[in-house]
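# Structural characterization, general
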Amino acid sequence: MVDAYIGKLERDMAAGTLHLLLLGLIARMDPIHGYGLIRALAESTDHMLQFKPGTIYPILNDLERQGIVRSSWVASASGPQRKTYELTATGREVLVTATKSWARIRTGVEATLTGSGGAKR
Amino acid sequence: MTNKILEEYVGRVRAELHALADDERDAVIDEMRAHLEDAISQRMAVDGYTDLEAATLAETRAFGEPAEIGAARGVAASAEPAVPPTLPTRPPRRFPRWAPYAAAGLIVLVAFVVAANAGNSTEYFGKQFLFGEPYQAKLNATNQTGMINESFVLPEGTDHFRLHALVEPVAGCVGVRVTDPHGSFVLNEWDSCGAMNHTITLDPENSGKIGRWQVEVRYTNFTGTLAIETTFRGWGSPPKTN
């Protein structure tokens, strides 16, 4: 039961950072297609974070609907066209803000876990 | 050459996305297909897969179950799916309740999808993962030695069955033995200590292999990948899942 709870904690933490990671990777590697993005996500986290493509693509489509990324179909030398993604200007602003938010959250969590935060006995 | 497993999977996903607008669904399918073709090519070119079927099964499993894909997009295949014009017609048949597959936590996923309706009969496609990622996790630990005995039932009405066994060792050994309901070995790699990639395709209705199958695995200090999965198809009433 404890293992199941830890598994759930880890999944929740991974899910909570997924959008930020996707934006960060797209910013570094754009234009990038979904398959490359999913592989990059796994490789950059040393395969600690792996998500099913079936759940990643809807997120990309949603980011596009919100104007955070844009996509375009690109001809491929081998096989069908590939849909690639890049950040919009709005997306770059979102990434900057979200990265700062992540830094604040991480600092707060570490302070709480190490006891260096404000709460005292 | 058409990749039949890929096309079947795409068809199932398309059915799950039935509620999307046509152009949106087509765009989703096109992107998914491009991903899968890239991923399958990668498996075969770099990851050592020599069997297109095995590579396709691995990648479609990794992509996600069609029902999950539909759920992730906020749609459900609640509407009656279209009947593919190429489906053969079959006479209506009674079908027993599916036995629950509850193999002590080793079953990762059982998914049944109603692919089409043809009169009073329904063709369905079932995929059962016997040894999936949780089992691989166990065998990735070092110095793991032990045995697993598992079984599954091919019910009456099954007309197509495929079992795929993949072992990619990094260290140690895995032996696999699959026995049909009559006690005959259909796969016997019990003394194996190397890579394994077997696909068994049967027509159970004609070969009398309806019933309970046994899968035995023994592993010695094994680290690596072990995946044994079955796919089967039949005719009858949609089965209930647990």
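Check the entry above for the structure.
Described in the following lines is the structure provided in the data block. Here the structure is a predicted model, which is why all the values come from computation and not from measurement. Note on numbering: residues in each chain are counted from 1, in written sequence order. Going through the entries in the order they are written, you letter the chains from A and number the ligands from 1. This being a predicted model, a pLDDT of at least 70 is required before a residue's local features are given, and a value of 80 or more before pairs of side-chain atoms are given or counted; all residues contribute to the totals for chains, interfaces and linings. The side-chain numbers reported here are obtained from all heavy atoms of the structure, hydrogens and water having been left aside.

Helix numbering and strand numbering both begin at the N terminus, where a helix is a DSSP run of H or I of at least 4 residues and a strand a DSSP run of E of at least 2. Within the secondary structure, Thr 17 of chain A is located in helix H1 (residues 2-29). Residue contacts are defined here by distance: any two heavy atoms, one from each residue, within 4.5 Å place the two residues in contact. What Thr 17 of chain A contacts, discounting residues up to four positions off in sequence, is Leu 49 and Trp 102 of chain A.

For the rest of this paragraph, the subject is the packing of helix H2 (residues 34-44) of chain A against helix H2 (residues 22-45) of chain B. Their axes nearest at 8 Å, the elements H2 of chain A and H2 of chain B cross at an angle of 55°. Between H2 of chain A and H2 of chain B, the angle falls in the class oblique. Here H2 of chain A contributes Gly 34, Tyr 35, Ile 38 and Arg 39 of chain A to the contact with H2 of chain B, which in turn contributes His 35, Asp 38, Ala 39 and Gln 42 of chain B. Residues are grouped as follows: nonpolar covers Ala, Val, Leu, Ile, Met, Phe, Trp, Tyr, Cys and Pro; charged covers Asp, Glu, Lys and Arg; every other residue, Gly included, is treated as polar. Tallied by class, the residues present in the contact of H2 of chain A with H2 of chain B amount to three nonpolar, three polar and two charged. To get an axis, a line is fitted to the C-alpha atoms, and for a helix only the part in contact is used. The angle between two axes follows their N-to-C directions and goes from 0 to 180 degrees. Roughly parallel means an angle under 35 degrees; roughly antiparallel, over 145; roughly perpendicular, 65 to 115; everything else is oblique.

Residue and element names in this part refer to chain A. Pairing within the open sheet is antiparallel, and its three strands lie in the order E1-E3-E2. With one partner strand each, in any of the chains shown, strand E1 (32-33) and strand E2 (69-74) form the two edges of the open sheet. Bridge analysis of E1 against strand E3 (residues 82-87) gives two bridges, and the strand direction is antiparallel. By the bridge assignment for E3, Ile 32 is matched with Tyr 85. Packed on one face of the sheet, helix H3 (residues 53-65) meets E2 and E3 and runs near 55° to E3. A pair of strands counts as paired when DSSP detects no fewer than two bridges linking them.

Looking now at unusual backbone geometry. Omega for the bond connecting Asp 30 of chain A with Pro 31 of chain A falls within 30 degrees of zero, at -5°, which places this linkage in the cis form. Within the secondary structure layout, Pro 31 of chain A lies in the loop between H1 and E1.

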